[in-house]
Amino acid sequence: MVCRLSSVVCRLGTALTDFYSLTDRGRSLRMRPLAARALEQYDLDVVRVRGLPDATNGVFRLDTADGGRYAMRVGLGPPAGHTVTEMESEAAWLDSLHEHASVVLPEVVRARDGRAVVEETVPGVPHPRPCVIFTWLDGPLLADRISHDAFVAYGAAMADLHRAALAFVPPDGFVAPSYDRVYPYDLPFVVFEEAGEELLPANRRKLFVEGYEVVDAEFTALCGREPMRMLHGDMHGWNVKLNRGRIAVFDFEDMVWGWPIQDIGVALYYYWRRDDFDDLVASFRSGYETVLPWPDRGGELWTVLIARTLLMANDVISQPEWLDAAPQIYEVGEERVRDMLQRRSR
């Protein structure tokens, strides 16, 4: 690699502000030298690195001398972040989707030695961080272009990925969590323990417990109904672009083994407070059904939205950089769980 980015050379002193007390921009700046060090392992003539906003990882746009554009993801690190093996598994699944899906997808750029993921560390950034580079996807985020037509295309794109997932044969060493319980990741579920105690007054706790029991029962029922398949796991409108009239999907790092309705619930979760929520659900469904049958057999969509609410409630008290958002997420979560339980009972 020929790197012309002298500005990203690490000049960190010995007295550093705690990483998790920095602003998002501060964390991005702190990770910038790590990104530069990782780039030394690629045959890319990078002339510019720009930090992009991201709630968890460090994400950087890379511009090369020949006009190429790429995205580098610097992983979150333990305990909540994805491991090198998990990110290599993500790359393997993307390779398969390129063969079997018709939606626009990024390609993984391999390092000089052929690796999909490299790991680097710098002072001031906790833990070694796994890094992966993808080709850049053009177009605005779907979350910024919400319309009936966009959601029809959105639903069809998700169904296309679900269809393509049936052809996926995991290679040796492939790992991904199974979404067969409320919280599918390795971190413990601590919402009802001391960590969440201050955020759960009696009425909210009762509602969350009821929601948890409903999710647990319905996910158990799904286990006995049909085989799991690979899901994107986080295909919300900020991980989808409108690329010259086509849907483009990226950020597959939260992939899970699961059932299609779970992917659908995650996609629709973020639009619940909109006045046109039900219309957006109908538009999404109409697009999905152009490819596959709608997989909800009786209120399961609402159950998945409860599950997503509880997952977010756990994440926000498990990761130090998100703690400030916890009161609002729990307050809105209470409204959401109440509404979803009512919708299920209709």
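Model, not experiment: these values are computed from the prediction.

Draft legend 1. Molecular detail of the overall build of the protein chain. A count of helices and strands for the protein chain gives 8 helices and 10 strands. In summary, the protein chain has a C-alpha radius of gyration of 21 Å against a globular reference of 20 Å for 346 residues, a match within 12%. Reported as C-alpha extents along the three principal axes, the dimensions of the protein chain are approximately 60 × 45 × 40 Å. Here the protein chain holds 346 residues, and 54% of them are scored as buried. Here the analysis covers contacts within the protein chain between residues at least 6 apart in sequence; of these, 75% occur between residues at least 24 apart. Total accessible area on the protein chain stands at roughly 15,700 Å², and carbon and sulfur atoms take up 49% of it. If you average the places of the 37 positive and of the 52 negative side-chain charges in the protein chain, the two averages end up 5 Å apart.

Draft legend 2. Expanded view of the environment of R25. Structurally, the position occupied by R25 is in helix α1 (residues 24-39). R25 gets classed as exposed once you look at its relative accessible area, which sits at 63%. It is 8.8 Å that separates the C-alpha atoms of R25 and L52, two residues lying 27 residues apart in sequence.

Draft legend 3. Region of interest: helix α6 (residues 277-288). Helix length check: α6, at 12 residues, gives a terminal C-alpha distance of 16 Å against a target of 16 Å (1.5 Å per residue), a fit within 8%. For α6, the complete set of buried residues consists of F277, L280, V281, S283, F284, G287 and Y288. In a view along the axis of α6, the buried residues occupy a sector of 165 degrees, so they form one face of it. In the core, the buried residues of α6 are packed alongside α3 (148-165), α5 (260-269), α7 (300-318) and α8 (326-345).

Draft legend 4. Structural view of the pairing of strand β8 (residues 240-243). The pairing of β8 with strand β9 (residues 246-249) spans 4 bridges and is classified as antiparallel. In the sheet register, L242 faces β9, and the bridge partner there is I247. Remark: 2 residues form the turn of the hairpin made by β8 and β9, two consecutive strands paired antiparallel; R244 in that turn has positive phi of roughly 55 degrees.

Draft legend 5. Looking closely at the side chain of E334. Positionally, E334 belongs in helix α8. A residue is classified by how much of its surface remains accessible, and E334, at 15% relative accessible area, is buried.

Draft legend 6. Here's a closer look at α5. Among the 10 residues that make up α5, 10 are buried, leaving the element largely enclosed by the rest of the structure. Within the sequence span of α5, burial applies to P260, I261, Q262, D263, I264, G265, V266, A267, L268 and Y269.

Draft legend 7. Expanded view of the packing of aromatic side chains. Tallied over the entire structure, the rule returns 20 aromatic pairs. Here the aromatic cluster, defined as three or more aromatic residues joined through ring pairs, consists of F151, Y154, Y271, F284, Y288 and W294. Lying across the ring of F250, K241 places its NZ or CZ 5.9 Å from the centre. The ring of W302 is capped by R343, whose NZ or CZ atom sits 4.8 Å from the centre of that ring.

Draft legend 8. Main features of the nonpolar core. Counting 85 residues, the largest nonpolar core has W93, L161, I264, F284 and Y330 as the members making the most contacts within it. Take this core: its biggest share by element is 12 residues, from α7. Contacts of Y330, omitting those with residues within four sequence positions, involve V191, L199, L200, R204, F208, A313, N314, V316 and I317. Listed in part, the 23 residues of the second largest apolar core include M31, L62, V74 and C131.

Basis of the calculations
- Residues numbered from 1 in each chain as written.
- Predicted model: local features only at pLDDT ≥ 70, side-chain atom pairs only at ≥ 80, totals over all residues.
- Heavy atoms only, no water.
- Helix = DSSP H or I, 4+ residues; strand = E, 2+ residues; numbered from the N terminus.
- Rg over C-alpha atoms; globule rule 2.2 N^0.38 Å.
- Buried < 20%, exposed > 50% of the residue type's maximum accessible area, 1.4 Å probe, protein only.
- Contact = heavy atoms within 4.5 Å.
- Areas by Shrake-Rupley, 256 points an atom, 1.4 Å probe, with all protein chains shown as cover.
- Lys, Arg positive; Asp, Glu negative; His and termini not counted.
- Charge placed at Lys NZ, Arg CZ, Asp CG, Glu CD.
- Expected span 1.5 Å × (residues − 1).
- Arc of directions from axis to C-beta.
- Pairing = 2+ DSSP bridges.
- Phe/Tyr/Trp six-rings, centres within 6.5 Å; stacked < 30°, edge-to-face > 60°.
- Lys NZ or Arg CZ within 6 Å of the ring centre and 35° of its normal.
- Core = buried A, V, L, I, M, F, W, Y, C linked by side-chain atoms within 4.5 Å.

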